[in-house]
Amino acid sequence: MYRTQAVETYLADAAAGIPAPGGGSVSAFTGALGAAMACMAANFTVGKKKFRHVEPEVQDILDECEAGRLALLEQMDADVAAYSTVDAAFALPKDTEEQRAARTTTIQAALRTALATPLAAARQCLALLRRLDRLAETANPNLISDVGVAAILLEAAVRGAKLNVEVNLASLHDKPFVTATRVGLDAEAAEAADTAASVLRRVYAALGWPPKT
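Please read all numbers here as calculations on a predicted model, not as lab measurements.

**Brief notes about the overall build of the chain**
For the chain, the helix and strand inventory stands at 6 helices and 0 strands. Tracing the chain from N to C terminus, the helices and strands come up as α-α-α-α-α-α. Across its three principal directions, the C-alpha atoms of the chain cover 70 × 35 × 35 Å. Counting every position in the chain, which comprises 213 residues, the buried fraction comes to 45%. Within the chain, contacts between residues separated by at least 24 positions form 75% of all contacts whose residues are at least 6 apart in sequence. Just so you have it, the chain exposes about 11,000 Å², and 58% of that area is on carbon and sulfur atoms.

Dropping the structure here:
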């Protein structure tokens, strides 16, 4: 499991000429980094007398972001395992009609399994993004830039995960499933972009940017 190894090992393997970890796994890892930044901002708020009036709310955000961070790390590893399943399916023999039919069935099942992980990661990141507007309002203002980084990374993770869902959808034969998944994911990606932009507007306003002339 990469999540229990050194970051250097993960990045080296991601950069190497091996099938995985690839874009889906890296997108989940990016989301985990975004969640970590949200946790950091919340941790510098909870327990401080100055922010006692918002502590229950920020603690709730912290709990959700920490759970999301751990879930995204699991999805980082799950995507590697799912890709291995797809790779194995494409390697099945196809010499006879029966083998070709069995191979096609196995590939289709593997593709649906493989897209489930980046789809879950995208939705996890969107759920965390939805909490950042309020975190930007309530967190220790010294950490406002970290809330902005969280928004940027989580939205990037949604976009990256979406690409990895799409690459699997492109080879699926179940057209109603493909259409329904695309429609839902397009709406979620649009919401993620809008939400991240809203958070960043709050962040820049708190930083006094753009400067008054």
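Having seen the structure, we can now continue with the description.
**Side note on the pattern of salt bridges**
All chains considered together, the criterion is met by 15 salt bridges. Across the pair Asp133 and Arg202 runs a salt bridge, and its minimum N-O distance is 2.8 Å. With Asp133 in helix α4 (residues 97-138) and Arg202 in helix α6 (residues 175-206), this pair connects stretches of sequence that are 69 residues apart. The exposure class assigned to Asp133 is buried, which follows from its relative accessible area of 19%. In this structure, Glu166 and Lys162 form a salt bridge, with 3.5 Å as the shortest nitrogen-oxygen distance. One end of the pair, Glu166, and the other, Lys162, are both in helix α5 (residues 144-169), 4 residues apart, so they sit about a helical turn from each other. Within the structure, one salt-bridge network assembled from shared partners comprises Glu57, Asp133, Arg134, Glu137 and Arg202.

**Here's the deal with the packing of aromatic side chains**
Using the criterion set out here, one finds 2 aromatic pairs in the structure. Judged by centre distance (5.2 Å) and plane angle (75°), the ring pair of Tyr2 and Tyr10 falls under edge-to-face. Tyr10 gets classed as buried once you look at its relative accessible area, which sits at 3%. Ring geometry for Tyr10 against Phe29: centres 5.2 Å apart, planes inclined by 65°, an arrangement best described as edge-to-face. Of this pair, Tyr10 sits in helix α1 (residues 7-15) while Phe29 is found in helix α2 (residues 23-43), placing the two residues 19 residues apart along the sequence. Accessibility assignment for this pair places Tyr10 and Phe29 in one class, buried. The structure contains a cluster of three or more aromatic residues connected by ring pairs, namely Tyr2, Tyr10 and Phe29. The ring of Phe177 carries Arg112 above its face, with NZ or CZ at 3.8 Å from the centroid.

**Here we look at the nonpolar core**
Of all hydrophobic cores here, the largest spans 60 residues; its most connected members are Met76, Leu129, Leu132, Leu135 and Val158. Every element with two or more residues in this core is listed here: α2, α3 (55-90), α4, α5 and α6. Looking at this core element by element, the count peaks at 15 residues for α4. Beyond its immediate chain neighbours, meaning those up to four positions away, Met76 contacts Tyr2, Arg3, Tyr10, Ser25, Ala28 and Phe29.

Parameters at a glance
- Residues numbered from 1 in each chain as written.
- Predicted model: local features only at pLDDT ≥ 70, side-chain atom pairs only at ≥ 80, totals over all residues.
- Heavy atoms only, no water.
- Helix = DSSP H or I, 4+ residues; strand = E, 2+ residues; numbered from the N terminus.
- Buried < 20%, exposed > 50% of the residue type's maximum accessible area, 1.4 Å probe, protein only.
- Contact = heavy atoms within 4.5 Å.
- Areas by Shrake-Rupley, 256 points an atom, 1.4 Å probe, with all protein chains shown as cover.
- Salt bridge = Lys/Arg side-chain N within 4 Å of Asp/Glu carboxyl O.
- Phe/Tyr/Trp six-rings, centres within 6.5 Å; stacked < 30°, edge-to-face > 60°.
- Lys NZ or Arg CZ within 6 Å of the ring centre and 35° of its normal.
- Core = buried A, V, L, I, M, F, W, Y, C linked by side-chain atoms within 4.5 Å.

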